[in-house]
Amino acid sequence: MGDERVKAEALQILGLFQVLPRLVVFDLDYTLWPFYCECRSKRDSPSLFRHARGIMYALKEKGIDMAIASRSPTPDIAKVFIDKLELQSMFVAQEIFSSWTHKTEHFQKIQRKTGIPYKSMLFFDDEDRNIEAVSKMGVTSVLVENGVNLDMFKLGLSNFATNSAASSRKQDE
């Protein structure tokens, strides 16, 4: 499925939901691309998971901001790959650094940079421990097994809508 077809399908999926996140945050390794940066060299030609670019194009078209939260020990390689894939302009924040904090520090920095509340964010990652830690901050988080794809995207938006409705009900009580 080409990027344009994925984008069209992702836009349809976005249209199913009344409440959308203000910011979608992606991990890199095994979430946007099928490898660990530290196992690659800057000379390599990186590739994305099949649906990743089309999903990002749809988010961009809808005016939904995107960011990166990656615990990479080789941020220099990750940044070179983002440039090679021509994704630089997609992200309002890129927090790529090695850390022991299961991405909570990444999200604190993203939140400070964007001013977007955690409850208005949707996060995709391939590691349970990151999903758990970031969920506790109030971010709707989705565990992906084979990278971000249309099914995971729809699940994330559905979970986000459910969480938003639940927090609205709490405020009304």
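The chain carries the name Magnesium-dependent phosphatase 1 in an unreviewed UniProt entry, which gives Digitaria exilis as its organism.

Novice: Explanation requested: the packing of aromatic side chains in the structure shown.
Specialist: Any two aromatic rings considered together are summarised by their centre-to-centre distance and by the angle between their planes. Inspection of every chain in the model, using the stated rule, returns 6 aromatic pairs. Centre to centre, the rings of Trp33 and Phe35 are 5.2 Å apart; their planes meet at 10°, and the pair counts as stacked. For the residue pair Trp33 and Phe35, the accessibility class agrees, reading buried in each case. Each residue in the set Trp33, Phe35 and Phe81 is aromatic and connected to the rest through ring pairs, giving one cluster. The ring of Phe35 is capped by Arg40, whose NZ or CZ atom sits 4.1 Å from the centre of that ring. Positioned above the aromatic ring of Phe97 is the side chain of Lys109, whose terminal nitrogen or guanidinium carbon lies 4.9 Å from the ring centre.

Novice: Explain the pairing of strand β4 (residues 121-125) to me, please; I cannot follow it from the model alone.
Specialist: The side chains of a regular strand alternate between both faces of the sheet. Counting buried positions along β4 yields 5 of 5 residues, so the element is predominantly enclosed. Of the two faces of β4, the one lined by Met121, Phe123 and Asp125 and the one lined by Leu122 and Phe124 are each fully buried. Both β4 and strand β5 (residues 140-143) contribute to a ladder of 4 bridges, which runs parallel. Within β5, the residue paired with Asp125 across the bridge is Leu143. Crossover connection from β4 via helix α5 (residues 128-136) to parallel β5: handedness right-handed.

Thresholds, definitions, all that
Residues numbered from 1 in each chain as written. Predicted model: local features only at pLDDT ≥ 70, side-chain atom pairs only at ≥ 80, totals over all residues. Heavy atoms only, no water. Phe/Tyr/Trp six-rings, centres within 6.5 Å; stacked < 30°, edge-to-face > 60°. Buried < 20%, exposed > 50% of the residue type's maximum accessible area, 1.4 Å probe, protein only. Lys NZ or Arg CZ within 6 Å of the ring centre and 35° of its normal. Helix = DSSP H or I, 4+ residues; strand = E, 2+ residues; numbered from the N terminus. Pairing = 2+ DSSP bridges. Right-handed = clockwise from strand over helix to strand, strands pointing away.

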